[in-house]
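Now for the letters of each chain:
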Amino acid sequence: MTGGTICGLSIQEAKGKPSQEKESLELVEGKGILGDRHYGETDMQVCLLEQECRTWMEEQEEKGLCFGRFRENIRTCSVDMSLLAKGDRLWAGDALLEITQAGKECFPECPRIKAGKECRLRHACSFAKVLKGGNPALGDALSLAEHKQDGDRYIRQLGLKGFGPEGQERLRKAKILVIGAGGLGCPAITALAEAGAGVIGIADGDTVALSNLNRQFLYTPEDIGEPKAECAARWVKRFRPDCRVKTYACAFGREELQREARDYDFILSCVDSIEMRFQINEFCRTFQIPFADGAIDGMYGTVQAVFSGEDPCLSCVNPKKLSPKRESISFGPVTMVIGTLEAHLALKYLSATKKPQGGLYSFDGESMTLEEIPAVKNPTCTICNKK
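Just so it is clear, the model here is predicted, and its values are computed rather than measured.

Further remarks concern the packing of helix 4 (residues 164-173) against helix 10 (residues 332-351). Look at helix 4 against helix 10: their axes get within 8 Å of each other, and the N-to-C directions meet at 115°. For the element pair helix 4 / helix 10, the angle class is roughly perpendicular. Crossing of helix 4 against helix 10: the hand is right-handed. On the side of helix 4, the interface is formed by Gly167, Arg170 and Leu171, while helix 10 contributes Leu347, Leu350 and Ser351. For the contact of helix 4 with helix 10, the residue count by class is 3 nonpolar, 2 polar and 1 charged.

Shown next, in the form of structure tokens:
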């Protein structure tokens, strides 16, 4: 979220009463909105909702259980509320809010949930308390309040050739989607967060299992059974409170995720399914999104970067989509090397003024070597030649 505007204001004086549209609101520090029924509560003093979601709810033939009950105080335009997290601070005009709850849980008895239909409301709203009072009005700006960080946080990498403050700023504005939060995804997510990536999307439909813990270091035994995407996001927010993190507890095949993936500047494929890797490859080439793909087996691993249409894609290199005859062996140090190399390629691409070429690289953990494998575009590749 980089900023937006207030396009609707309202209060609800009492439960069951209709909302009253307002030109401006009076926000009182530590109390909430003067005249609203939630005034004086602890954490849910102000409710924010995307205007696009409100419009979407009104257009649906099958209403969700919350549609008729939900009452927002501030409707936002050009703001992706799903990028907000608990603890984020937001300027609403001259008032300062702190997010106390990002999104909302769905009710199992909701007819839309029972029917397996999407509900945008759960991601498009947030609740907040008032840190500094003010009088936000229609048309006022909405923007994130900068977290105070140690000015020396990135000082050791600013000296990199071709990087500097300009490259750091490009990273701060970058949106990177990591598909797969397992053996490759954990080191990739860590490296992106360390380097200062602005937005990190994390997509994984699995939950943490005991067998993951030999290599997936973002999780602990206490996380077993919990969604990987949510656990990884919690680590990022603890490590870098200023990082915008968006989670998708689903596989890449889900339509909602593919729709949102188009808005990312770079995608990291950190999955272990050959079918999913080629699906990501086709998606990225179709929408011209630069990406990196990683694969491991025991002491060996490969990384392929496809930055533009000039680079050979996965189908160019493996047109028959050959897959291993058995389940890959996963050794923690090797997954860390390959996942980190994927992130390195993304960071190198996103921070550079002059974009580098992609390539295919092979890591041999037995001989401790990393070499570039010559790869060329296949003139008959069905993906590269797709129109």
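Right, let's talk about helix 6 (residues 228-239) for a bit. Over its 12 residues, helix 6 runs 17 Å from end to end, which matches the ideal 16 Å to within 8%, given 1.5 Å per residue. Within helix 6, the full set of buried residues consists of Lys228, Ala229, Cys231, Ala232, Ala233, Trp235, Val236 and Lys237. The elements touched by buried residues of helix 6 are helix 5 (185-195), strand 12 (199-203) and strand 13 (244-248).

What follows concerns the packing of aromatic side chains. On inspection of all chains with the given rule, the structure shows 8 aromatic pairs. The interplanar angle of 85° and the centroid separation of 5.1 Å between the aromatic rings of Phe252 and Phe283 together place this pair among those described as edge-to-face. With a gap of 31 residues between them, Phe252 in the loop between strand 13 and helix 7 (255-261) and Phe283 in helix 8 (residues 274-286) connect regions that are remote in the sequence. For the pair Phe252 and Phe283, one class covers both residues: buried. Through a chain of ring-to-ring contacts, three or more aromatic side chains come together here, namely Phe252, Phe283 and Phe287. Of note, Arg153 hangs over the ring of Phe239, and the distance from its end group to the ring centre comes to 4.8 Å. Just above the ring of Tyr349 sits the side chain of Lys355; from NZ or CZ to the centre is 4.8 Å.

Okay, the pairing of strand 16 (residues 300-306) next. Of all the 7 residues making up strand 16, 5 are buried; the element is thus mostly covered by neighbouring parts of the structure. Bridging between strand 15 (residues 291-297) and strand 16 involves 7 bridges; their strand directions are antiparallel. In the sheet register, Asp293 faces strand 16, and the bridge partner there is Gln304. Count of turn residues in the strand 15/strand 16 antiparallel hairpin: 2 residues, of which Gly298 carries a positive phi of about 65°. Two strands pair when backbone bridges link them, and strand 16 and strand 17 (residues 359-364) are joined in this way by 6 bridges, in the antiparallel orientation. Its bridge partner lying in strand 17, Val303 is registered against Tyr361.

Criteria and thresholds
- Residues numbered from 1 in each chain as written.
- Predicted model: local features only at pLDDT ≥ 70, side-chain atom pairs only at ≥ 80, totals over all residues.
- Heavy atoms only, no water.
- Axes fitted to C-alpha atoms, helices over the stretch in contact; angles between N-to-C directions.
- Helix = DSSP H or I, 4+ residues; strand = E, 2+ residues; numbered from the N terminus.
- Parallel < 35°, antiparallel > 145°, perpendicular 65-115°, else oblique.
- Left-handed = near helix turned anticlockwise from the far one by under 90°.
- Contact = heavy atoms within 4.5 Å.
- Nonpolar A, V, L, I, M, F, W, Y, C, P; charged D, E, K, R; others polar.
- Expected span 1.5 Å × (residues − 1).
- Buried < 20%, exposed > 50% of the residue type's maximum accessible area, 1.4 Å probe, protein only.
- Phe/Tyr/Trp six-rings, centres within 6.5 Å; stacked < 30°, edge-to-face > 60°.
- Lys NZ or Arg CZ within 6 Å of the ring centre and 35° of its normal.
- Pairing = 2+ DSSP bridges.

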